Every structure is written in C-alpha cells, then in structure tokens.
Amino acid sequence: MMFRSDTFPMLGNIAGFIGVRSATLRLANSGRMARFVACALALIFWAFSTTLSAEGRCPPGMFETGSRDFIACAPIPGYGQSGDEGDYESDSSSQGPTGPQYAESSMATAVHMDSTEVWGTAGHRSVEAAKNRVMDACAAAMGEGCIYSEAWTGNILIAVAVDGGGGVWPEGAERKSEAEKEALDTCKKMAREWGCKIAFSFRNVLIPAGADQSHDYSEDYFPQGPVKRRKWALLAQPDGVPSMAWQRKTWLLSGRDNWAAAKEEVVARCQADTGAKCSFGVGVADGVLIHYVNRRGQTSWLNAAGAATPEARVAEFCTPDEMPCRILALYDAATPRLQVISEPEPTRGYMSVAWPTKAGWPRLAIVTGRPTLAAANADAIKLCESQSKLTCELYLDNPDNLTSMFLGLYELPGDQLHIIRGYSIEDVKKKAAESSKKNNLTYTNRALVDLYERGETTPLYKD
C-alpha cells in the first residue's frame, strides 16, 4: 500500500507553510516500506487575497513611513535620476532603502499547523521584539504549537502565498514584485500540485533616526476575531512486518483539531494494537483521504482539499502501467472516527523461484501468475529440473505473500546472489542501491521480473 501526498503544511524546520513535501509509503514484500520525500498533509484553500499595506498615501517620489499613530512622507533617494520612477509608482513595494535618517526596524511572521492564518508584525526595534510579538499573539489564539517562520530587518515587504491545501509561504524582499515572485516560486516548488496565489502582503515600518525610544512604531497584521481550527484526518501503519492478524491494516483517525495530538493518538493506537513500532503516513486538513486500487490490486492513499477533486487527484497519480485505478472509499477530515481499515489483497497470481541443489547451472527458474502458492512452487521446480537436468529445490525461504509486484536479480562479488522484491521497478532499484551502499558491495543487475504477468524465465545470475 502506498501513501501519496505532496504537501504537508507545517512550517519552518518541518518544512511546509514554509514548506513540507510529500510522503510516499507503500507495502513492499518485506512489509510496509516508507518513502518520504518529506511529509505532506494538506488542506483548506485560503480564498482571500486582500492586500494589506501601509503604502499609497504619499505623492510620487515619496514613500510612507511612521506608524499607525504617526504618518510621514519622505523622499525616495535618487527618485527621478535613475529611471526607477515607474517601479516605485507601479510597484508600491519600495519605500526607499534605510539610511542614516532611519533606525533599524524589524518585522516577523508566525504560523500554526492547525490554522491557515498568519500572524505578522512590523516596525520593531529588534528581531527579538518582533519574534516575541508574533509568537505571543499566535499562542494567545492557538495555544501551544506556534511556529516562528522568519524575521526581516530593513526596508522589506513580506508577501504571503498560500497553496490550495492551506499551506502558507511567506517571503520578503525590498520590492513587492520581488517578494511576491519569491513567495509564489517557493509555494510552487514545495506544493506544486495544489496551486498557489498571493493572499496578502505588508511592509516594514521604517523608524526615523533619533525617534523617541518610548514611541511604539509597530503595526500588527493579526487575524481578526476567533481563529477557526482545521479538522485533521491522519493515517498510521506498522514500520515492519506485524503479526498475521495485523498485516495489511491501516489505522485512520479523523475529526481532530490538533495536529500534534492527533498524530500521537493514531500512532499510539497502531502500536498498542500491533505491539510493533508504527509511523504516521499521510493526512489532510479540511479535506478528504482517498483510498484507491490500481489494476494490479495495489492500494494507495491520497489526500485532496480545496478545488482538487478525488477523481482528479487519482487521475494525476495513477500511472499508465497502473491504469485503470478505482476509488475504494473516501474519508472526510471532519467526521470523528478511529478505525482500522483492511487493505484488499492484490489480484496477481503467485510466484516462486527454484535452483539446483548443487552447482552446475548458473541460472534461476522463476515462475509467475500461478493460481496457488503450491502450483507456483511445483512449476518452479519443474522448470528448473527440465532446463538444468539436475535436482532442484526452492530458492526462497520466505514464501510469496502477494505484496511485491517486481523482482530484481542481482549478482554480488564472489558469485553471491541477492533477490530484491518491491512494488515497482524504481523501488527495486532503490533498495539495491541502498543495500550496495550499506554493504559496500557492487550489485550487478541480472534481471527484472514483472510478477503481475503470468510467465516463466531462467535468467543467468553469474557468468
């Protein structure tokens, strides 16, 4: 089974809101294998695009400075001399660089996993003061879990881009056009599938040099009124191979409005049931989790929110060799539930591998697509003995569990042989590369076998 997601709007070091990326997890032959490109959860489309700024009240050639209590217009250095007039008028982002006439001023933003809001402030005499202001305001509204995203000092405008899943991506630059471009570029890079737009922007307040130290020039850009918390749906699975009773199971928790607590709860329930270590897989806020199956019988999970429909999301991820894909179920984030979901068995037949009981035939006999494991084992031995003219036995100690879809045959130094199974050719190659690096050995590929198709082959595993 595979968890698929490309947006996990956390922030800062967790990488989203300032960006987190996707999580991919699928069951492999040795159990459930995780493939994280960084994690993703996403969510609600923030549909307001109002521009907030303290600009536009000064004549051409001047820029606005001061605070909500003190407004002043100052000349733009070099205006009318360098040909930048159009930039300053049409792009109201530039108030002119700070210089001897201005004291240092700082601005900052904070965000929270359980909200699509941003807490911003400008016009502080230190970075620490700006940081404390947004973190205190966020905590007052949301409690624990606020994330300090970044601070900027000087003549900077912060533009905030939002993706279709609710991830927030602030960036700062001197010009409004530059800040918006950077914010959109970051959003598109980290949350490419959700769509991005500028939600709002605000500029730093420049403090006049020699200004009264007791005067507060700061301006806040905080959410107005109570902040709505997002509803989450999260999945978890055992890291390794659990007991038979818990194989091919997924734990689903939804209807929670606290990301951190929900993640802890679903993982704890999975571990309590299985007695094994479990990990969070993928999730969504204010959207739906999609459970679907491809033509090979492999199941996967996706998230969808905002304008992204479940059908469009599945169509986006279902590759040509997996088509057609069919949605099994949809689970909305708002409904409170904690349940264990059984994954359907893949539809492919059984495979088996045999080789001679003694040296003399440097090949393996591989059969696929058999109706039962017993039939696969018998056909593998029969193929081996008919081709080698020797007595043969089964090569694999662990029988086929119908999970993996591809098999890779690799030769190692010293005539050693290694078989790697995975859910895709790329998965097999990745595992081989990881084993090669871990063991400091050269892995030479001899064959890649599609286990979904019925067939038989006798690949050479050494010269």
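Treat the numbers as computed from the prediction; the structure is a model and nothing was measured.

A. Looking closely at the nonpolar core. Within the largest apolar cluster, 19 residues are counted, with the highest numbers of intra-cluster contacts made by Met-107, Val-118, Ile-158, Val-160, Val-168, Phe-200 and Phe-202. Counting only elements with at least two residues in this core, the list comes to β8 (106–112), β10 (146–153), β11 (157–163) and β13 (196–203). Excluding residues that lie within four positions of it along the chain, Met-107 makes contacts with Thr-121, Ala-122, Ala-130, Glu-150, Ala-151, Trp-152, Ile-156, Ile-158, Phe-202, Arg-203 and Asn-204.

B. Representation of helix α3 (residues 176–190) within the structure. Spanning 15 residues, α3 covers 21 Å between terminal C-alpha atoms, matching the ideal 21 Å at 1.5 Å per step. Burial in α3 covers these residues: Lys-176, Ala-179, Ala-183, Cys-187 and Met-190. Burial along α3 is one-sided: seen end-on, the buried residues are contained in an arc of 90°. Facing away from the buried side of α3 by over 90 degrees, the exposed positions are Lys-181 and Lys-189. Buried-residue contacts for α3 involve β11, β12 (168–173) and β13.

C. Broad picture of the side chain of Asn-155. With respect to the secondary-structure elements, Asn-155 resides in the loop between β10 and β11. Since its relative accessible area comes to 4%, Asn-155 is described here as buried. At 3.0 Å, the side chain of Asn-155 forms a polar contact with the side chain of Arg-203.

D. The arrangement of the state of the cysteines in detail. With the rule as written, the count across this model stands at five disulfides. At a sulfur-sulfur separation of 2.1 Å, the disulfide partner of Cys-270 is Cys-278. Between Cys-270 and Cys-278, the S-S torsion sits near -70°, and that sign places the bridge as left-handed. You'll find Cys-270 and Cys-278 in the same group, each marked buried. Paired through a disulfide, Cys-318 and Cys-325 show a sulfur-sulfur distance of 2.0 Å. Its S-S torsion of about 80° marks the bond between Cys-318 and Cys-325 as right-handed, since a negative value means left-handed.

E. Examining unusual backbone geometry more closely. With an omega of 0°, the peptide bond between Met-323 and Pro-324 qualifies as cis. Checked against the element boundaries, Pro-324 lands in the loop between α5 (310–317) and β21 (326–332). Of note, the phi angle at Arg-248 is positive, near 55°, even though the residue is not glycine. The residue Arg-248 is located in the loop between β16 (232–238) and β17 (249–256) in this model. Overall, Arg-248 belongs to the buried group, its relative accessible area being 9%.

F. Region of interest: the packing of aromatic side chains. Taken as a whole, this structure holds nine aromatic pairs when the rule is applied. With 5.5 Å between their ring centres and 40° between their planes, Trp-246 and Trp-251 make a pair best called tilted. Taken together, the ring pairs in this structure connect Phe-200, Phe-202 and Tyr-221 into an aromatic cluster.

G. Expanded view of the sheet that holds strand β26 (residues 406–412). With antiparallel pairing, the three strands of this open sheet are ordered in space as β27-β26-β28. Each end of this open sheet is capped by a strand with a single partner; those strands are β27 (416–422) and β28 (444–450). With direction set aside, neighbouring strand axes in the sheet form an average angle of 20°. Here β26 runs beside β27; their pairing, made up of seven bridges, is antiparallel. Considered in β27, the bridge of Tyr-410 is made with His-418. Packed onto the sheet, helix α7 (residues 425–439) meets β26, β27 and β28 and runs at close to 135° relative to β27.

H. Summary view of the confidence of the model for the protein. In the predicted model, the protein carries a mean pLDDT of 77, and 76% of its residues have values of at least 70. Mean pLDDT across the elements of the protein ranges from a minimum in strand β3 (residues 31–36), with 23, to a maximum in β17, with 96. With pLDDT under 50 throughout, residues 5–99 is counted as low confidence; its partners more than four residues away or in other chains account for 337 contacts.

Definitions and limits used
Residues numbered from 1 in each chain as written. Predicted model: local features only at pLDDT ≥ 70, side-chain atom pairs only at ≥ 80, totals over all residues. Heavy atoms only, no water. Core = buried A, V, L, I, M, F, W, Y, C linked by side-chain atoms within 4.5 Å. Buried < 20%, exposed > 50% of the residue type's maximum accessible area, 1.4 Å probe, protein only. Helix = DSSP H or I, 4+ residues; strand = E, 2+ residues; numbered from the N terminus. Contact = heavy atoms within 4.5 Å. Expected span 1.5 Å × (residues − 1). Arc of directions from axis to C-beta. Polar contact = N/O pair within 3.5 Å; in protein donor to acceptor, adjacent residues only side chain to side chain. Disulfide = S-S within 2.5 Å. Phe/Tyr/Trp six-rings, centres within 6.5 Å; stacked < 30°, edge-to-face > 60°. Pairing = 2+ DSSP bridges. Axes fitted to C-alpha atoms, helices over the stretch in contact; angles between N-to-C directions. pLDDT = per-residue confidence, 0-100.

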